[in-house]
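Architecture and fold: a report
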Amino acid sequence: MGLILEFNGKKPKIAETAFIAPNATIIGDVVIEDGVSIWFGAVLRGDEGSIFIGARSSIQDNCVIHMTDEGTFVDEDVTVGHGAILHNCRIGRSSVIGMNAVVLDNAEIGQESVVAAGSVVLADSKFPSRIVVGGIPAKKLKDLEGNALWWVQQGSKEYQKLIKHYTQQGIGGCAGENTE
């Protein structure tokens, strides 16, 4: 189980079925729903506002999630790739945030969308559902359809399987005793 810290009287609320890697760090005003996976080295720091991670979402290795007063909201079935940074933004259901992508303050990513690896979504950017965005600064590259759309819609199921493999081997674990 990772490092779970209360801050300013706010203790993370972690569903019993959430997988937390041993060296993940979760601080303060953070809500983690059922089936979420928080992988190795990820830091969710809810010290200046709230962080919400929806059911079955995957926050992969070395991600950083932070915010200001507005908060960071990650909907259900989202995959946040290795090393991504989310700061005070909203990520729609079943979206994929690519490795080392950055999504800045008040940006919104629509449902079933992809932010390409290494992209920077500037503050106040708003992107609709079912598109691919990429670049620095990020812009719409194309509509998301076909096999790519199917993978985005199904991706979180693969991480649910991976959680089982890790917990069966005694690595990490589900929150259980660390809930409210």
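Whatever comes next refers back to the structure up there.
Since we're looking at a predicted model, the values are computed, not measured.

Another aspect to go through is the nonpolar core. Of all hydrophobic cores here, the largest spans 36 residues; its most connected members are I32, I38 and L44. Taken together, the elements giving at least two residues each to this core come down to β4 (25–32), β6 (43–53) and β19 (131–134). Apart from residues lying up to four places away in sequence, I38 is in contact with F19, I20, A21, A24, I26, I32, L44 and I59. Formed by six residues, the second largest nonpolar core is a distinct cluster that contains V114, V132, L144 and L149.

Moving on: the pattern of salt bridges. One pass over the full model with this rule turns up nine salt bridges. A salt bridge links K140 to D143; the nearest nitrogen and oxygen atoms lie 2.8 Å apart. Classification of K140 as partly exposed rests on a relative accessible area of 45%. Its relative accessible area of 46% is what places D143 among the partly exposed residues. The structure contains a network of salt bridges with shared partners spanning R56, E76 and D77.

Before going further, it helps to spend a moment on the side chain of E112. Within the element layout of this structure, E112 appears in the loop between β15 (108–109) and β16 (114–115). At a separation of 3.2 Å, a polar atom in the side chain of E112 contacts the side chain of Q153. With near-sequence residues (within four places) excluded, E112 lies in contact with R93, S94, S95, R130, I131, L144, L149, V152 and Q153.

This part covers unusual backbone geometry. The residue after I136, namely P137, is reached through a cis peptide bond having omega -5 degrees. For P137, the position within the fold is in the loop between β19 and β20 (139–143). For S94, which is not glycine, the phi dihedral falls at a positive 60 degrees. Relative to the helices and strands, S94 resides in the loop between β12 (90–91) and β13 (96–97). Residue S94 is classed as buried on the basis of its relative accessible area, which comes to 4%. In this structure, R130 is a non-glycine residue whose phi angle is positive, near 55 degrees. Among the structural elements, R130 can be located in the loop between β18 (126–127) and β19. You can call R130 partly exposed: its relative accessible area is 39%.

All right, on to the pairing of β19 then. Side chains I131 and V133 of β19 all project onto a buried face; the interleaved residues V132 and G134 project onto the opposite face, where all are buried too. Here β16 pairs with β19 via two bridges, running parallel. Bridge pairing links V115 to V133 in β19. Of the pairings in the sheet, the one linking β19 to β20 comprises four bridges and is antiparallel in character. Residue I131 lies in a different strand from β20, and its bridge partner there is D143. Hairpin remark: β19 followed by β20, antiparallel, with four residues in the connecting loop; positive phi at G135, about 105 degrees.

It helps to recall that an α-helix has 3.6 residues per turn; residues three or four apart then point in one direction. With 23 residues, helix α1 (residues 146–168) ought to run about 33 Å at 1.5 Å a step, and its terminal C-alpha atoms sit 34 Å apart, in line with that. Bending of α1 peaks at approximately 45 degrees at the position of Q154. Every buried residue of α1 is listed here: L149, V152, G155, S156 and I163. Looking at the packing, one finds that the buried side of α1 touches β3 (19–20), β5 (37–38), β10 (79–80), β13 and β16. Positive phi shows up at G170, right after α1, with a value of about 75 degrees.

Thresholds, definitions, all that
- Residues numbered from 1 in each chain as written.
- Predicted model: local features only at pLDDT ≥ 70, side-chain atom pairs only at ≥ 80, totals over all residues.
- Heavy atoms only, no water.
- Core = buried A, V, L, I, M, F, W, Y, C linked by side-chain atoms within 4.5 Å.
- Buried < 20%, exposed > 50% of the residue type's maximum accessible area, 1.4 Å probe, protein only.
- Helix = DSSP H or I, 4+ residues; strand = E, 2+ residues; numbered from the N terminus.
- Contact = heavy atoms within 4.5 Å.
- Salt bridge = Lys/Arg side-chain N within 4 Å of Asp/Glu carboxyl O.
- Polar contact = N/O pair within 3.5 Å; in protein donor to acceptor, adjacent residues only side chain to side chain.
- Pairing = 2+ DSSP bridges.
- Expected span 1.5 Å × (residues − 1).
- Bend = angle between axes of the 7 residues up to and from the residue.

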